[in-house]
Amino acid sequence: MPTVTIEGKAVAVAQESTILEAAQKAHVWIPTLCYHPTFSTLAACRICMVEIEGSAGRPGRLVTACNYPVRRDITVSVSSERAVRVRNGVMQLLLARAPESKELQELAARMGVRGTPYPKVTESQRNCILCGLCVSVCEEVIGVSAIGFAGRGVERAVAAPFRQASETCIACGACAAICPVGTIQVRIHTDTGEAEISPFKSRSKLLICEECGVHMVSVPVAQAMSDRVKIDWEEFRRLARLCPECRRKQAVKALGIGAAEGSVTPPEEIQVKN
Ligand code: SF4
């Protein structure tokens, strides 16, 4: 097993582990944005740059920690002047792309970066740092591929086909949940009973609880869930049309416990004893 000496701490790691994994094992913090353990590494944002110490008079090498495979003993510096300068420069560029992102501002503050000297990007680029996590989750986890990269150079952006509202988006919200800079948002329009995935403009009708009328998941998500559960059980489908609270109330009623609303006391035989 090769040894990674990082910030003076030596850790043995499996062949082909990444420097980031070695850093995590050594409890050394390296900033990341586009890295997510679920997906193949994109190394798109470059915020995890570190320096591998040179040998035999050769200069050190700057690499992305999230995808650099460890194949031999190496010494890595996260805090070298070069590594810090490059990471801070990357952060300044990202701040110009996503100036309103609270998440990015917090990370910048943790890195000691205050503001950016670069001009802010145009509105069409919408605070996106092009990390690609939303594209990966939509394709690899949800299996929908409603969004992808479009355009080149400064016009490059994540968008639905033809930059129009996507017809295949199911408004699951996974892209919003994974966006590291909080740019993608799920907006609920109670007037029309729709969920909108901003900035992709796609909209889907929301399921409305048949008991209390509260808005729940989008209809396509509910449909996909119903299709996946391959049981012919009408009761399950009926319960799926209720919000969690109404479902809970019905379950309590069916069990005949907790007569007074909001004071549900399990019967003696199912109470947890310390
Ligand atoms: S909300 Fe739409 S675009 Fe986002 S992950 Fe779900 S299907 Fe894909």
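In this text, all values refer to a predicted model and were calculated from it rather than measured experimentally.

(A) Highlighting the environment of serine 166. In this structure, serine 166 sits in the loop between strand E7 (157-159) and helix H5 (174-178). With relative accessibility at 12%, the residue serine 166 sits in the buried group. Each C-alpha atom of the pair serine 166 and isoleucine 197 lies 9.6 Å from the other, and the pair is 31 residues apart in sequence. If we ignore the near neighbours within four places in the chain, the residues touching serine 166 are Ala146, Ala160, Phe200 and Ser202.

(B) Layout of the packing of aromatic side chains. The final tally for this structure, using the stated rule, is zero aromatic pairs. One cation-aromatic arrangement involves arginine 110 over tryptophan 29; the distance from NZ or CZ to the ring centre is 3.7 Å.

(C) Focus on the sheet that holds strand E10 (residues 202-208). What the four strands build is an open sheet, ordered E8-E9-E10-E11; its pairing is antiparallel. The open sheet has two edge strands with one neighbour each: strand E8 (185-189) and strand E11 (215-218). Looking at each pair of strands side by side, their axes are set apart by 35° on average, direction ignored. Of the strand pairs in this sheet, strand E9 (residues 194-198) and E10 are connected by four bridges, and their pairing is antiparallel. Paired with glutamate 194 across the two strands is lysine 205, which belongs to E10. Sheet strands in contact with helix H6 (residues 219-228) are E10 and E11, and its direction is about 65° off that of E11.

Analysis parameters
Residues numbered from 1 in each chain as written. Predicted model: local features only at pLDDT ≥ 70, side-chain atom pairs only at ≥ 80, totals over all residues. Heavy atoms only, no water. Helix = DSSP H or I, 4+ residues; strand = E, 2+ residues; numbered from the N terminus. Buried < 20%, exposed > 50% of the residue type's maximum accessible area, 1.4 Å probe, protein only. Contact = heavy atoms within 4.5 Å. Phe/Tyr/Trp six-rings, centres within 6.5 Å; stacked < 30°, edge-to-face > 60°. Lys NZ or Arg CZ within 6 Å of the ring centre and 35° of its normal. Pairing = 2+ DSSP bridges. Axes fitted to C-alpha atoms, helices over the stretch in contact; angles between N-to-C directions.

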